[in-house]
Structure formats: C-alpha cells, structure tokens
Amino acid sequence: IWFGFGISSKIVVAVTVAIFPVIVNTIEGLRNTDPERVEMIRAMGAGRWETFRRVKFPSALPFVFAGLDAAIVHAGKIVPLSDIDLEQRQAALDLVHDRRSDGYDPLERILELFAGVSVEEEAEEPYLGLDLGERLARRIVRGDRNGLIDDLDEALAAGHRPLEVINRFLLEGMKTVGELFASGEMQLPFVLKSAETMKAAVAHLEPKMEKTETSKRGSVVLATVSGDVHDIGKNLVDIILRNNGYEVHNLGIKVGISEMIKTFEESGADAIGMSGLLVKSTLVMRDNLEELERRGLGAVPVLLGGAALTRRYVESDLRSGYSGALYYGKDAFAGLDAMGKIVAGEEPPKPDSYRRRREEDEGERDLPERSPFVENDNRVFQPPFLGSRVVKGIDLGEITPYLNLTALFRNQWQFRPESGESDRDFKERIGHVLRDRLATARAEGLLVPQVVYGYFPANGDGDDLVIWEDERRNQELTRFGFPRQREEPYYAIPDFFRPMDGNEVDYAAFHIVTMGSAVSQRAKELFEADRYQDYLLLHGLGVEMAEALAEYWHRRIREEWGFADEDGPSLLGLFRQKYRGGRYSWGYPACPDLEDNETVARLLGASRIEIEVSAETGYQYQPEQTTSAIICHHPQAKYFIARKRRETVDVEG
C-alpha cells in the first residue's frame, strides 16, 4: 500500500486517480478476509492518506475502516460531526456498521457521492457561496482561524464598525455553536475551539473600537464557594460567557460571600454565579443565599452550578427560600441562557408549588450506637506493616489501566457517542486523544504520581473510629467522627471495625495519592493563554489520573493485605466495587467532614510528598490532583449515604 512519502501534492492527486481501482480492491479484499482463518490485525495508516482526502472522501475516512481492526488517523484532521454533510455522514456510518440491503451498498454510495470532486473544490467548500458575514460566522462555528484576520479586515474595509462585526456576525456564530452543543451535534472540545477563535477575533477588533463603544452585553461575578478548590466548571462558564460578549469577574476558588458581594457592588454586575463540586458546597450555597437576604440583597439574580447540585434542590429547596431570581446551571450554556434572560429583564423562574422543604427532626430518632445489621465475626486481616510509607517513581503505565474511561471521556472531556455508536466504538474513537495527551504529559513531565499510605490499629466506638498508637490499645493517636444513617440499616463507617469494648484489635488503611503540582500549574497557564481546548483536556486527564492512581493503590493495598483474590474478574468491576471491603474519601456522604483531610495528612506524614492541607486551603489538598481515603477490609463496607444533622431532604408535598 502506497503512502506517498515525500511526493508533491500534484503527484499525489495524479497517482491517486491512477491507483483508485487498486484502493477499492484493497478495501474489498480486507472486507472479505475471514478472521477465523487468518489470524492477523488488519490496520492501515490514515495519517498520511492525503490520497483519500485529495478526492474529497469524508474527513473521518470511514471507508478505510471497512473490515479493519484498527486505523492510524491524524488527530488534527478530526472535525465536528456537524461539519459533515448529513447524506455523507449516513453513508459513512452505514459502511462502518456494515449496514447494507438489497440494491444498496454503502461503499458504492460513497463512491457516487464523491465522484469527480477535486482538491480545489475540497479547499473552498466550507465557505463556498457565503457572503462575508456568513463566512465569519462559519469560521467561528468551525473554530477556523485560517483567513480569519483577512475576513475581519475585509469587513472593516467594507464599512462595518468593529462592534457591528462582533454583534452581527461573530455572536451569530457562537449562537449556532450553542445550538449545536444543545442538540448533541457538537461536543465540548470543539465548542472550546470555537471559543478560542472568537477570542482571537474580538482581540483583533477591540483596539479598533471607539472609546465609547463596548462589546459587553452584561456582567457577572463568578466564584467557587468557600471551602471548595474545584474550578473547572466555573472556568468553562467563564469561557462561554466571555466569548458571547459578557464581562466576567472570576474570583477564583474558596471565595466567601462577602468577597462576592463586594465585587458585585463595586463592578455593578448583573448577577452572581456560584460553583462547587462537593456535597458540602451545596450547603454553603444555601448559607450564601441566606446571607444575601440578610444584607438586603435578596433581589440579586444568582446562578448556581456544580456536580453535587440537582435541578430539584435548586428549583424547589433553594428557590423557595430566596426572593430573587435563581437559576440552575446544568452546563456552561445553561449559564449563558440564564444571563441572556437576566440582562433582558425577563421574568425569573418561579419556585415549584408542589414541593416543600423540611428538615429532619432528629431529636425524635432513637439511633443504635452500632448497626445491628453489620456482622462482627468476619475475619480480621493482619496488615503487612504498621505505620506509613512513601512511594515514588511509579510508572504511568501501571496506572493507566485503572483509568475510568467513561468518567474521563464523558464527564471530564464531555465527548458523547454518535447516533447508533456503541460504548466500545465510542471509547475506541476517543482513545487516540487519550494516547496523544498522555504522551505529551509524559514528555513534559506533567504527571508525577506519588503515594503515602499506611496501616493502623483501629476500633469502632459508636460513631467514632479510634486509631491506636499500637496494638496494645493503650494510647489513641486520633479519632474520626462519622455520620450514621437515620434509617435501616443504620450504617456508619466505624461499624465495619471491631467494637472498642471488645477484646480484639482491628485495622484501618489510609492513603493519599497525588499527581503533583506540575499538571495543575500547566492547566492554569493554558487557561490564562486562552487555550481552552488544551486546558479542558489536560485538567480532566490530571483529575482522572489521580483517581486511577487511587484505584491502583487500593488494589496494591488489597494485595499486601491478603484478600486481592476476592476481586472481580475484570478492571471494570473495580469501578463497581467488585472487591472485598470499601474505600471512602472525605467530602462524600459517608464521611463528609473535609476537616478530617488534615488529620489524615498528619497521620500519614503527607508533607513528605509535598501535600498541603489546612484551614487556609479549605481543608482540601494541594496540589489539586490529590485525593485520600480510608480503606476497610470488612466485606459489608460498600458505598452508602448518611446525612449529617440539619441537612435538607427533598420530599413530595
């Protein structure tokens, strides 16, 4: 098979036409290969297959994949689904999935669709027949900066004022981007590519504006609430709002309501936006709304977003207790929609009338000191050592098999399967992005995995877990308090350890894992440089690599502790707790007190791997890509929810 190395473009086109029948025969030969008789991996390199692109086959080159187990593709050639003609897309998908019928062969249909198309026609096609305004909008949608400045200068030379170019043409493109994102036709990484192009366009036009002109449509104060260091969601909202004409005062992380109010009043902003990842952050948001009311600012429009929030919690519980307009931000474009309504002066959403809010009356509940549903005769496994140890120099190749690809691809990177695409095919399609990003991170030394972990004698004492200095149980090192379920089975984490009033000592394991500070610093630099797509991909990779390291080291602990043979048969099962015991991280419902992060760090000596945690960090670990856990060996120790006192619950009413 010819790849055309070192051959000029004209020769490539000529030879392509000459060998086209051979290419078709090659594809048909691959399709007819019997996989049961021929043990081979059928793969073709597509990164240099300009021969195919020169005759205007679909950008994804789906016909190359017919009958292949793998294909090498050029990541830079991948385009949004919305950029491919619907008829071409359908024929390509039919070929990939081998959907044929009597009188219909998708390969023949593709040959018909691209018959006679030339190189020049491919280059001009995206903007063919478009006037200047449509061309500018199209460049924003495509995230195409090639020729952008020339088009902008042409618009100015034609008499359009800079602000008119932004409002009439560029923002029309961003509006289309939002619509494509909402319909699933464009995924977040491509949205960010469009935002980068919009940023470049506005940066070119702003110096040419009159002093009295402004491209700002409105203003908002954004912040991650006090006690929370997670900022990826807030920063995505920042990106989308800024590149749709809004002024954003991004205050960063761990921001108290007083600072938000001060910036709001000084800047004359139209709204306040609060973000947070942790369950605890939802309670901080509620307290912040109450403080706004107390200070006479209950009319301020507020946007709320974060992984722990639900529409029900915002639109019933919180909205019913706040007099101003309150908006739930499911994603960055929901924030954009909310700001549009706020600036336009539209009527704010009303609280749901069929729901009510109440707090549990805990004084009437008679809770057991220990769950009667937890077995006390389980085997107590002896740990390999007592105390803590530091582990460095872990190869990334040991960690990557434990990556949760669903969490990375869908939640962090926000890619979505195409219509009819299986989960396996989806992950294979996005896999090249992961490989590229991992290779870059490895080459630049951005991921530096380190672990501090250990085993300690322990016993349960009601809702407390006592950590002993040694197995004689004469001296307490520390105690951890945990909430207990208010209904059966009345679980609390200390129930999974032998009771303190018995004559047996039990053991708890703890670990803190980190990917180091380099990845956080690099992500910050990318955001500040308006490289939004790279920022999203690197940040998400760092977060999920830290989670993968936690999963990997939990496995190592089970091996050392002597019960890894009870693990499920696959790595996928580990994400569903198919192993003996459980791992609980602080900030989640079973152990919500972030203050305990500092206790764990002190217990393990986390400063040895440069981990910081204190009241100044909101009791969250620095660097950001760091997580800790307590690990129990009891077979009943699995994920559960236990609410603390005075937590709000949702009820029908």
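(A) Focus on the overall build of the protein chain. In terms of helices and strands, the protein chain carries 21 helices and 16 strands. Considering only contacts in the protein chain between residues 6 or more positions apart, those separated by 24 or more positions represent 75%. Total accessible area on the protein chain is roughly 30600 Å²; 47% of this is exposed by carbon and sulfur atoms.

(B) Examining the sheet that holds strand E4 (residues 246–250) more closely. In space, the 5 strands of this open sheet follow the order E4-E3-E5-E6-E7, with parallel pairing throughout. In this open sheet, the two edge strands, each paired with only one partner strand, are E4 and strand E7 (326–328). Each adjacent strand pair in this sheet contributes to an overall mean axis angle of 25°, direction not counted. Direction of pairing for strand E3 (residues 218–224) relative to strand E5 (residues 271–275): parallel, over a ladder of 5 bridges. When the sheet's bridge partners are listed, valine 221 is paired in E5 with isoleucine 272. Sitting on the sheet, helix H13 (residues 311–320) touches strand E6 (302–305) and E7, and the angle it makes with E7 is about 165°.

(C) Region of the structure containing the nonpolar core. Ile399, Trp413, Leu447, Met545, Trp553 and Trp561 are the most contacted members of the largest nonpolar core, which totals 82 residues. Element by element, the count of residues in this core is highest for helix H19 (residues 532–561), at 15 residues. Each residue touching tryptophan 413, except ones within four places of it in the same chain, is listed here: Leu188, Pro189, Leu408, Ile430, Val433, Leu434, Arg437, Leu536, Leu537, Gly540 and Leu541. Core analysis: the second largest hydrophobic core is formed by 33 residues, Leu465, Phe480, Ile493 and Leu604 among them.

(D) Molecular detail of the environment of threonine 176. Within the secondary structure layout, threonine 176 lies in helix H8 (residues 162–183). Relative accessible area serves as the criterion here: at 27%, threonine 176 is assigned to the partly exposed category. Considered as a pair, threonine 176 and arginine 138 are 38 residues apart in the sequence and their alpha carbons are 9.0 Å apart.

(E) Examining the packing of helix H9 (residues 188–205) against helix H10 (residues 232–242) more closely. One can describe the packing of H9 onto H10 by two numbers: an axis separation of 9 Å at closest approach and a directional angle of 45°. By the angle class used here, H9 and H10 are oblique. Where H9 crosses over H10, the two elements pack in a sense that is left-handed. Together, Leu188, Val191, Leu192, Ala195 and Lys199 of H9 and Leu236, Ile239, Ile240 and Arg242 of H10 make up the contact between the two elements. Across the contact of H9 with H10, the residue classes break down as 7 nonpolar, no polar and 2 charged.

(F) Looking closely at H19. Spanning 30 residues, H19 covers 43 Å between terminal C-alpha atoms, matching the ideal 44 Å at 1.5 Å per step. In terms of burial, H19 is largely enclosed, as 25 of its 30 residues are buried. Once H19 finishes, glycine 562 follows within two positions and takes phi at roughly 100°, a positive value.

(G) How the structure looks around the pairing of E3. Summarising burial for E3: 7 of the 7 residues are buried, a large majority. Burial along E3 is two-sided: the face carrying Gly218, Val220, Leu222 and Thr224 and the face carrying Ser219, Val221 and Ala223 are both buried. Note on the crossover from E3 through H10 to E4: the handedness is right-handed.

(H) Quick look at the pattern of salt bridges. The tally for this structure, following the rule as stated, stands at 36 salt bridges. Its salt-bridge partner being glutamate 525, residue arginine 522 comes within 3.4 Å of it at the nearest N-O pair. Of the two residues, arginine 522 and glutamate 525 both sit in helix H18 (residues 518–528), 3 residues apart, roughly one turn of that helix. Overall, arginine 522 belongs to the partly exposed group, its relative accessible area being 25%. Overall, the relative accessible area of 36% leaves glutamate 525 in the partly exposed class. What emerges from the salt-bridge pattern is a single network uniting Arg135, Arg139, Asp144, Asp151 and Glu154.

(I) Representation of the pairing of E6 in the model. On E6, burial covers both faces: Val302 and Leu304 on one face and Leu303 and Gly305 on the other are all buried. In terms of strand pairing, E5 meets E6 through 4 bridges, oriented parallel. Paired with isoleucine 272 across the strands is valine 302, a residue of E6. Handedness of the crossover joining E5 and E6 through helix H12 (residues 279–294): right-handed. By the bridge criterion, 3 bridges tie E6 to E7 in an arrangement that is parallel. By the bridge assignment, valine 302 is partnered in E7 with leucine 326.

(J) A look at unusual backbone geometry. Of note, the amide linkage connecting glutamate 488 to proline 489 takes the cis form, showing an omega dihedral of 10°. Inspection of the secondary structure puts proline 489 in the loop between strand E12 (476–481) and strand E13 (506–514). Residue proline 623 is bonded to the preceding glutamine 622 through a cis peptide linkage, with omega at 5°. With respect to the secondary-structure elements, proline 623 resides in the loop between helix H21 (595–604) and strand E15 (626–632). In the Ramachandran plot, lysine 254 falls in the positive-phi region, its phi being about 55° despite a non-glycine side chain. As for its placement among the helices and strands, lysine 254 is situated in the loop between E4 and helix H11 (257–267). A relative accessible area of 29% means that lysine 254 is categorised as partly exposed.

(K) Examining the packing of H9 against H19 more closely. Contact pair H9 / H19: the axes reach a minimum separation of 7 Å and the direction vectors enclose 145°. Contacts between H9 and H19 involve Leu188, Pro189, Phe190, Leu192, Lys193, Ala195, Glu196 and Lys199 on the former and, on the latter, Tyr532, Gln533, Asp534 and Leu536. Here the residues of the contact of H9 with H19 are counted per class, giving 7 nonpolar, 1 polar and 4 charged.

(L) Inspection of H21 at higher detail. For H21, the tally of buried residues reaches 7 of 10 residues, placing the bulk of the element in the interior. Along H21, the positions that sit buried rather than exposed are Asp596, Asn597, Thr599, Val600, Ala601, Leu603 and Leu604. Buried residues along H21 sit against strand E9 (387–391), strand E10 (450–461), strand E11 (464–468), E12, E13 and E15. Just past H21, the residue glycine 605 takes up positive phi, approximately 75°.

Rules behind the numbers
Sequence order as written defines residue numbering, which begins from 1 separately in each chain. Two thresholds apply to this predicted model, a pLDDT of at least 70 for residue-level local features and 80 or more for giving and counting side-chain atom pairs, whereas whole-chain, interface and lining totals are computed over all residues. Hydrogens are left out, water is left out, and the side-chain values use all remaining heavy atoms of the structure. Only DSSP runs of H or I covering at least 4 residues are called helices, and only runs of E covering at least 2 are called strands; the numbering of each starts at the N terminus. It only takes one pair of heavy atoms within 4.5 Å for two residues to be counted as in contact. Computed with the Shrake-Rupley method and a 1.4 Å probe, the accessible areas treat only the protein chains shown as cover for residues. Any two strands with at least two DSSP-identified bridges between them are counted as paired. Lines fitted to C-alpha atoms define the axes here, with helix axes fitted over just the stretch in contact, and angles between the N-to-C directions of these axes take values from 0 to 180 degrees. Only buried Ala, Val, Leu, Ile, Met, Phe, Trp, Tyr and Cys residues count toward a nonpolar core, and they belong to the same one when joined by side-chain atoms within 4.5 Å. Each residue's exposure class comes from its accessible area (1.4 Å probe, protein chains only) as a fraction of the maximum for that residue type: buried when under 20%, exposed when over 50%, partly exposed otherwise. Orientation labels follow simple angle bins: below 35 degrees gives roughly parallel, above 145 gives roughly antiparallel, 65 to 115 gives roughly perpendicular, and whatever is left gives oblique. Left-handed describes a crossing in which the near helix is turned anticlockwise from the far one by less than a right angle; the clockwise case is right-handed. Here the nonpolar group is Ala, Val, Leu, Ile, Met, Phe, Trp, Tyr, Cys and Pro; Asp, Glu, Lys and Arg are the charged ones; every other residue, Gly included, is treated as polar. Multiplying 1.5 Å by the residue count of a helix minus one yields the expected span of that helix. Orienting the strands away from the viewer, one traces the path from the first strand over the helix to the second; a clockwise path indicates a right-handed crossover. A pairing counts as a salt bridge when a side-chain nitrogen of Lys or Arg comes within 4 Å of a carboxyl oxygen of Asp or Glu.

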